[in-house]
Amino acid sequence: MRFAGKTILITGASSGIGAATARLAAAEGAAVVLGARRAERLEALAREIEGEGGRAAWVAGDVTDPGFAGELVALAEERFGALHGAFNNAGMVGEMGPVEEMTEANWRAVMATNLDAAFHGAKTQIPALRRAGGGALLFTASFVGTSSGLPGMAAYGAAKAGVIGLAKGLAAEHGAEGIRVNALLPGGTLTEMAGDDPAFIDFAKGLHAMKRLAEPEEIARAALFLLSEEASFVTGAALLADGGNAVSKV
Ligand code: NAD
């Protein structure tokens, strides 16, 4: 029960890594505040968590809307009294293709969802964590853009590398007030984002030393470590949970 009495906000909570993190955090005592676009998914997850004896609240919205970040923080504080952790996890790959053929619109959309949203989240979450007396901020980055460059994913990689820079800057700005800020870099993970094309999944497995992809819960457990007091001296880190993607050359 590492999160007893704590409130954790999670974006991208309607599926994949975000939903898995919400379930595991709630099972360890956290009140979870769920954000994503698909209201019916969030409502179902909140009901499921409450059915297991947990506490959950949700609000549907788009992380590219700067106001949505404030709505989530307000819900956390109004419903559960304070915000102790925020997992800025929503993300999207965008259109795959070479940069020279990429539209300006795609570049902007990928930046807005993966990087601008992290900035807007941090701006409202930092004051809330300060009001709570400290806490943890976490961003989902990726192996793409850091340990690997993948053809067709340059915008996504650039945005995710930017998220790591944002996390490091925030860690330096807020370490002295007990606010830790980290980035989590998942390897390939079996979520909606990875899709269900067997040929692509096989290709992606081969990029990892472990020759498999992660279950969302495996990434969620790394996220919970960084959000928990177990990581009390970890800040400014870019933690790979990548099944050896970075070290795999064959
Ligand atoms: P997913 O598609 O299951 O989840 C993405 C979540 O983000 C969903 O809840 C989706 O609704 C939400 N989302 C996307 N755009 C949004 C927007 N504009 N506003 C609000 N919510 C939005 O995929 P996932 O793998 O669980 O992705 C979670 C994070 O992990 C993402 O940041 C992704 O980039 C990152 N990631 C995934 C992999 C992978 O292989 N699956 C690898 C590395 C990093």
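Residues numbered from 1 in each chain as written. Predicted model: local features only at pLDDT ≥ 70, side-chain atom pairs only at ≥ 80, totals over all residues. Heavy atoms only, no water.

Engineer: It is not clear to me how the packing of helix α3 (residues 66–80) against helix α4 (residues 104–131) should be interpreted in this structure. Could you clarify?
Structural biologist: If you want to describe how two helices pack, look at the angle between their axes and the distance between the axes. At a closest axis distance of 7 Å, the pairing of α3 and α4 adopts a crossing angle of 25 degrees. As the angle between them shows, α3 and α4 are arranged roughly parallel. Of the two possible hands of crossing, α3 and α4 adopt the one that is right-handed. Contacts between α3 and α4 involve P66, A69, G70, V73 and E77 on the former and, on the latter, H120, G121, T124, Q125, A128 and R131. Counted by class, the contact of α3 with α4 contains four nonpolar, five polar and two charged residues. (Axes fitted to C-alpha atoms, helices over the stretch in contact; angles between N-to-C directions. Helix = DSSP H or I, 4+ residues; strand = E, 2+ residues; numbered from the N terminus. Parallel < 35°, antiparallel > 145°, perpendicular 65-115°, else oblique. Left-handed = near helix turned anticlockwise from the far one by under 90°. Contact = heavy atoms within 4.5 Å. Nonpolar A, V, L, I, M, F, W, Y, C, P; charged D, E, K, R; others polar.)

Engineer: How should I be thinking about the sheet that holds strand β4 (residues 85–88) in this particular structure?
Structural biologist: Adjacent strands of a sheet pair through backbone hydrogen bonds, lying either parallel or antiparallel. Judged by pairing direction, the sheet is parallel, and its seven strands sit side by side in the order β3-β2-β1-β4-β5-β6-β7 without closing on themselves. Looking at the sheet topology across the chains shown, the edges are occupied by β3 (55–60) and β7 (238–241). Strand-to-strand twist in this sheet, taken as the mean axis angle between neighbours without regard to direction, amounts to 20 degrees. Packed onto the sheet, helix α1 (residues 16–27) meets β1 (7–11), β2 (31–36), β4 and β6 (179–186) and runs at close to 165 degrees relative to β2. Each of β1, β2 and β3 is contacted by α3, which is oriented at about 155 degrees to β3, the strand it contacts most. (Pairing = 2+ DSSP bridges.)

Engineer: Just checking my understanding: could you explain α4 for this structure?
Structural biologist: Side chains that are three or four residues apart share a direction in an α-helix, a result of its 3.6 residues per turn. Here α4 spans 39 Å end to end across 28 residues, near enough to the 40 Å set by a 1.5 Å rise per residue. Of all the bends in α4, the greatest measures close to 45 degrees and is centred on A112. Immediately beyond the C-terminal end of α4, within one or two residues, lies G133, with a positive phi of roughly 90 degrees. (Expected span 1.5 Å × (residues − 1). Bend = angle between axes of the 7 residues up to and from the residue.)

Engineer: Teacher, can you tell me more about the layout of surface pockets here?
Structural biologist: Once rolled over the atoms, a probe with the size of a water molecule shows which space is left empty. Considered as a void within the structure, the largest pocket measures approximately 1,100 Å³ in volume. Around the largest pocket sit 46 residues that line it, and G91, M92, V93, T191 and M193 are the ones nearest its centre. Counting residues per element, the ones that place at least two in the lining of the largest pocket are α1, α4, α5 (154–174) and α6 (198–206). By residue class, the composition of the lining of the largest pocket is 22 nonpolar, 19 polar and five charged. What the second largest pocket holds in volume is close to 290 Å³. Looking at the second largest pocket, it is lined by 19 residues, and the ones nearest its centre are G135, A136, G178, R180 and E229. Residue classes in the lining of the second largest pocket are distributed as six nonpolar, nine polar and four charged. (1 Å grid on protein atoms, 1.4 Å probe; cavity = no way out; pocket = protein on both sides within 12 Å on 5 of 7 lines; lining within 4 Å. Points joined across faces, edges and corners; volume = space filled by probe spheres on them.)

Engineer: What is the right way to read the environment of N106 from this model?
Structural biologist: Structurally, N106 can be placed in helix α4. Given the relative accessible area of 5%, N106 is considered buried. Each residue touching N106, except ones within four places of it in the same chain, is listed here: G94 and E95. (Buried < 20%, exposed > 50% of the residue type's maximum accessible area, 1.4 Å probe, protein only.)

Engineer: Explain the pattern of salt bridges here, please?
Structural biologist: Side chains carrying opposite charge are able to pair once their charged atoms draw close together. If you walk through the whole model with that rule in mind, you get 10 salt bridges. Measuring nitrogen to oxygen at the nearest pair gives 2.8 Å for the salt bridge that ties E192 to R41. In this pair, E192 sits in the loop between β6 and α6 while R41 sits in helix α2 (residues 39–51), placing the two residues 151 residues apart along the sequence. Taking the relative accessible area as the measure of exposure, E192 reaches 48% and is therefore partly exposed. E43 is paired through a salt bridge with R47; the nearest N and O atoms lie 3.1 Å apart. Separated by four residues within a single helix, E43 and R47 lie in helix α2, roughly one turn from each other. On the basis of relative accessible area, E43 is assigned to the partly exposed category, the value being 31%. Owing to a relative accessible area of 58%, R47 belongs among the exposed residues under this scheme. Residues joined by salt bridges that share partners form a network here, namely R2, E28 and E230. (Salt bridge = Lys/Arg side-chain N within 4 Å of Asp/Glu carboxyl O.)

Engineer: Please explain the site of the ligand as it appears in this structure.
Structural biologist: Near the ligand lie 28 residues; those nearest to it are S14, S15, I17, Y156 and T191. A distance of 2.7 Å is found between an oxygen atom of the ligand and a side-chain nitrogen or oxygen belonging to S14. Take R37: an N or O atom from its side chain is 3.2 Å from a nitrogen atom of the ligand. Bound to the protein, the ligand loses 95% of the 820 Å² it would expose on its own. In this structure, the ligand is accommodated by the largest pocket. Those elements that place two or more of their residues in the shell around the ligand are α1 and α5. Of the residues belonging to the shell around the ligand, the class tally is nine nonpolar, 14 polar and five charged. (Near = heavy atom within 4 Å. Polar contact = N/O pair within 3.5 Å; in protein donor to acceptor, adjacent residues only side chain to side chain. Areas by Shrake-Rupley, 256 points an atom, 1.4 Å probe, with all protein chains shown as cover. Sits in = over half its atoms within 2 Å of the grid points.)

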